[in-house]
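# Observations on the three-dimensional arrangement
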Amino acid sequence: MKILVLGNMGYVGPAVIRELTARHPSAIVHGYDNAYFAHCLTNAHTLPEQRLTQQFFGDVRDLSEQALAGYDAVVQLAAVSNDPMGDRFAGVTEAINQDATISIAKAAARAGVRNFVFASSCSVYGVAEGGPRTEADPVAPMTAYARSKIGSEDALADIDGDMVITSLRFATACGMSDRLRLDLVLNDFVAGALSDGRITVLSDGSPWRPLIDVADMARAIDWAIQRSADNGGRILRVNTGCNERNHQVRDLAAAVAEALPGTEVSINTEAPVDSRSYQVDFSLFARLAPHHQPQMTLAKSISQLVEGLRGMNFADTQFRTSPLVRLRVLQGHIDSGRLSEDLRWHSR
Ligand SMILES: NC(=O)c1ccc[n+]([C@@H]2O[C@H](COP(=O)([O-])OP(=O)(O)OC[C@H]3O[C@@H](n4cnc5c(N)ncnc54)[C@H](O)[C@@H]3O)[C@@H](O)[C@H]2O)c1
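Residues numbered from 1 in each chain as written. Predicted model: local features only at pLDDT ≥ 70, side-chain atom pairs only at ≥ 80, totals over all residues. Heavy atoms only, no water.

With that settled, the discussion passes to the overall build of the protein. Across its full length, the protein holds eleven helices and twelve strands. The globule rule puts the C-alpha radius of gyration for 348 residues at 20 Å, and the 19 Å found for the protein is close to it. Seen along its three principal axes, the alpha-carbon backbone of the protein occupies a region of about 55 × 50 × 40 Å. Sorting the 348 residues of the protein into buried and exposed places 57% on the buried side. Taking as baseline every contact in the protein between residues at least 6 positions apart, the subset at least 24 positions apart corresponds to 83%. Total accessible area on the protein is roughly 14,200 Å²; 49% of this is exposed by carbon and sulfur atoms. Side-chain charges of the protein comprise 33 positive and 40 negative groups, with the mean position of each set lying 3 Å from the other. (Helix = DSSP H or I, 4+ residues; strand = E, 2+ residues; numbered from the N terminus. Rg over C-alpha atoms; globule rule 2.2 N^0.38 Å. Buried < 20%, exposed > 50% of the residue type's maximum accessible area, 1.4 Å probe, protein only. Contact = heavy atoms within 4.5 Å. Areas by Shrake-Rupley, 256 points an atom, 1.4 Å probe, with all protein chains shown as cover. Lys, Arg positive; Asp, Glu negative; His and termini not counted. Charge placed at Lys NZ, Arg CZ, Asp CG, Glu CD.)

Below is the structure:
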């Protein structure tokens, strides 16, 4: 098997590479990334890309059909990957997350790729009152990031041919990684508790947020690269996570405080409405992928984060403005003249 992972050098990518190379030791696994966060290694024992057969550097906006020929599976993780970055780089978010995804998928279909896997997001549900959202429920994307995900899914659904296309609507990611990021709710809470003995909840704590550990995202991707059309249809959008991990933000704070006794939790009762609050129904994923279900408990994600951050001697109370936050890294590249506003490296 020959697999190409686009956007493998971020937060989720190293876990995906570890899982795919462990599950398919004889597979050829290639990475392709613009390396915005290449230097953001966190407590990694080895360079994650060493597990690959080969790492390519480049921009997904420039990927040619020729470069996709010969792969059995293509996994598309490359993205401007959260709401604040999507707000700051709205046009680029559409160009990378949506336009590039669609043109790569079309080229992959023409090149004979068997499986295409797209990292979508439950953020497409926006603010969803009432019960858990299923794939059949209407979406309500509230941000440029969420719009780019649903725009991609819709266009992927129109691609003809035999290529099996899976849009994994991931819950919010959490957990330790070789390239940890702290701009994610659980990771932020653990970082606050460790550095300052305090968790600052930016909302009133009531929003619902399903979580998935990066190790479980990797397991789901391993399922999707092998999925056949008779298991879910040739084109599939599937909520990816598990029903037990729908949490309210205040309960996440409480779980971290329980794991790190003495932690103070401050909740912003005056906060404006969060642009994301939804419970998600993951039953379809449970039915289609019984052998690739999430294994990580909330307690385990928290304890691995604590261990990983302690291993980094983490003590930065200003971490929300540090390079452990994706937007800060991109802004730093731009301010230093390395990257243009449209997130292209300046040639020297
Ligand atoms: N982290 C989450 O909570 C979450 C949840 C749901 C879905 N997702 C999706 O999963 C994917 C991976 O997320 P992540 O947390 O690892 O994001 P990340 O920002 O840490 O990593 C994204 C990677 O894509 C690369 N990339 C970005 N633009 C590129 C371009 N133009 N050309 C080549 N490479 C480019 C970056 O260099 C980086 O290595 C993204 O598509 C994201 O939207 C993430």
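The subject of this paragraph is the nonpolar core. Counting 71 residues, the largest nonpolar core has Ile3, Val5, Leu168, Leu186, Phe189, Trp223 and Val256 as the members making the most contacts within it. Of all hydrophobic cores here, the second largest spans 34 residues; its members include Tyr32, Ala105, Ala108 and Val113. (Core = buried A, V, L, I, M, F, W, Y, C linked by side-chain atoms within 4.5 Å.)

Once that is clear, we can look at unusual backbone geometry. The backbone of asparagine 313 shows a phi angle near 55 degrees, a positive value even though the residue is not glycine. If you trace the backbone, asparagine 313 turns up in the loop between helix H10 (298-311) and helix H11 (326-335). Judged by its relative accessible area of 69%, asparagine 313 is exposed. Unusually for a residue other than glycine, leucine 343 sits at a positive phi of about 60 degrees. Here leucine 343 lies in the segment after H11.

Attention now moves to the environment of arginine 169. The topology assignment puts arginine 169 in strand E6 (residues 164-170). Considered as a pair, arginine 169 and glutamate 153 are 16 residues apart in the sequence and their alpha carbons are 9.6 Å apart. Side chain to side chain, arginine 169 and glutamate 153 meet in a polar contact 2.7 Å long. (Polar contact = N/O pair within 3.5 Å; in protein donor to acceptor, adjacent residues only side chain to side chain.)

Our next topic: the sheet that holds strand E11 (residues 246-248). Across the sheet, which stays open at both edges, the three strands sit in the order E7-E9-E11 with mixed pairing between neighbours. What marks the edges here is a single partner per strand, and that holds for strand E7 (172-174) and E11. On average, each strand axis in the sheet is tilted by 50 degrees relative to the strand beside it, whichever way the strands run. In terms of strand pairing, E7 meets strand E9 (residues 208-213) through three bridges, oriented parallel. Each bridged residue has a counterpart across the sheet, and for threonine 172 the counterpart in E9 is leucine 211. Together, E7 and E9 form the strand contacts of helix H7 (residues 214-226), whose direction differs from that of E9 by roughly 70 degrees. In the packing of helix H8 (residues 249-259) onto the sheet, the strands contacted are E9 and E11, and the crossing angle to E11 comes to about 85 degrees. (Pairing = 2+ DSSP bridges. Axes fitted to C-alpha atoms, helices over the stretch in contact; angles between N-to-C directions.)

Geometric descriptors of this kind do not, in isolation, establish any biological role.
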